[in-house]
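The residues making up each chain are set out below.
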Amino acid sequence: MNYIGIDLGGTNIKGALVSAEGEILKEHSIPTRVDLGPEAVAERIGQVIAQLFDGECAVGGVGVGCPGTVDDASGIVRFAANLNFVNFDLRSALRAHTALPIHLGNDANAAALGEALFGCGRGAESTIVVTLGTGVGGGVVLGGKLLTGYTGAASEIGHMVIAENGEECTCGSRGCFEAYSSATALIRDTKRAMAAHPESLLHAVAAEHGGVDGRTAFLARERGDEAGTQVVEDYIEHLTCGLTNLVNIFFPEVLALSGGVANQGDALLLPLRERVRERSFGSRYAVSHTRIELCTLGYRAGVIGAAMLARE
Ligand code: BGC
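The notes below deal with the structure included here. Computed from a prediction, not measured in an experiment: that's the story for all the values here.

The rules behind these values
Residues numbered from 1 in each chain as written. Predicted model: local features only at pLDDT ≥ 70, side-chain atom pairs only at ≥ 80, totals over all residues. Heavy atoms only, no water. Pairing = 2+ DSSP bridges. Helix = DSSP H or I, 4+ residues; strand = E, 2+ residues; numbered from the N terminus. Axes fitted to C-alpha atoms, helices over the stretch in contact; angles between N-to-C directions. Contact = heavy atoms within 4.5 Å. Buried < 20%, exposed > 50% of the residue type's maximum accessible area, 1.4 Å probe, protein only.

Some words on the sheet that holds strand β4 (residues 59-66)
Whether parallel or antiparallel, the strands of a sheet pair through hydrogen bonds between backbone atoms.
Here is step 1: Read from one edge of the open sheet, five strands run β3-β2-β1-β4-β8, paired in mixed fashion. Of all the strands in the sheet, just β3 (24-31) and β8 (102-106) have a single pairing partner and so form its edges. Neighbour to neighbour, the strand axes of the sheet diverge by 20° on average, direction disregarded.
Here is step 2: Where β4 lies against β8, five bridges are found, and the strand directions are parallel. The residue bridging Val62 from the neighbouring strand is Ile102, located in β8.
Here is step 3: Each of β1 (2-8), β2 (12-19), β3 and β4 is contacted by helix α1 (residues 38-52), which is oriented at about 150° to β3, the strand it contacts most.

Structure below.
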């Protein structure tokens, strides 16, 4: 049996036809067009499903990974800030476009399930995935099962508070992990450093790459720039704090990073491994430690994991 996985993002709707063994058989993506409103977005998801479901093979269902609080039992997306969905009955809206059974879940939860089953967490007892993109998302897979919590709202890792009365977050709260460790936060901090340090190489690096992005501070640091080094250092410290909290709560076998910022690879992983281990509870006496890794499936984790929501 095959399944359709949809990764619904603020920018694109990515879809794939996936085998029960996690192999992608066909892919199709289109822009989300959040500006058109929730019903139109549901219709566009229907278009992607239609492209993937040509009746040639048996399809057991559709799984949709969506940012925010997603309640699979009722089919309602309670709150997805970057899609402008508030109490949107996504399953009913999708019913108009497909007769296949529809399963819903959080986007980062789906990615975590994909990685746990077929990527960096394959064979591990437990896996946590943290996505460092526009927002910070996360999923916890314990003993092969996704932790969804009451009404599906668990694992909002990005909204764990790491600084009391800290930076404002898009969710309306303050001091969230996302407000320090997302690519958005990294860009904000890079721009602040540029304003405070007109002499910094950050300006030249940004100009060479067509503007400030998540790489700017890392590139400036490579050239020995002081302001860039400080931005990266602060970023890694905040990430260390959030990841240490996750290790202390779950002690997963694998803790893996994905999303744009994770492309920094060893520049992130090496200091994180050292610092998170140093600061985790009882680490001096532990016989085994959480392995901090990079995810291996890239964007495919989202669609494969979403398809697995339908398989499960
Ligand atoms: C949302 C999460 C989502 C993550 C990545 C966060 O802002 O709260 O639900 O998984 O962004 O899209």
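Here's the deal with the sheet that holds strand β13 (residues 291-294)
Here is step 1: Strand order in the open sheet formed by five strands is β11-β10-β9-β12-β13, and the pairing between neighbours is mixed. Because the sheet does not close on itself, it has two edges, and the strands there are β11 (145-146) and β13.
Here is step 2: In this fold helix α3 (residues 107-118) packs onto β9 (126-132), β10 (136-142) and β11, with an angle of close to 45° to the strand it touches most, β10.
Here is step 3: Sitting on the sheet, helix α9 (residues 266-279) touches β12 (254-258) and β13, and the angle it makes with β13 is about 165°.

A look at the environment of Gly137
Here is step 1: Its place among the elements puts Gly137 in strand β10.
Here is step 2: With relative accessibility at 14%, the residue Gly137 sits in the buried group.
Here is step 3: Ignoring sequence-local partners within four residues, the contact set of Gly137 consists of Ala108, Val129, Val130 and Thr131.

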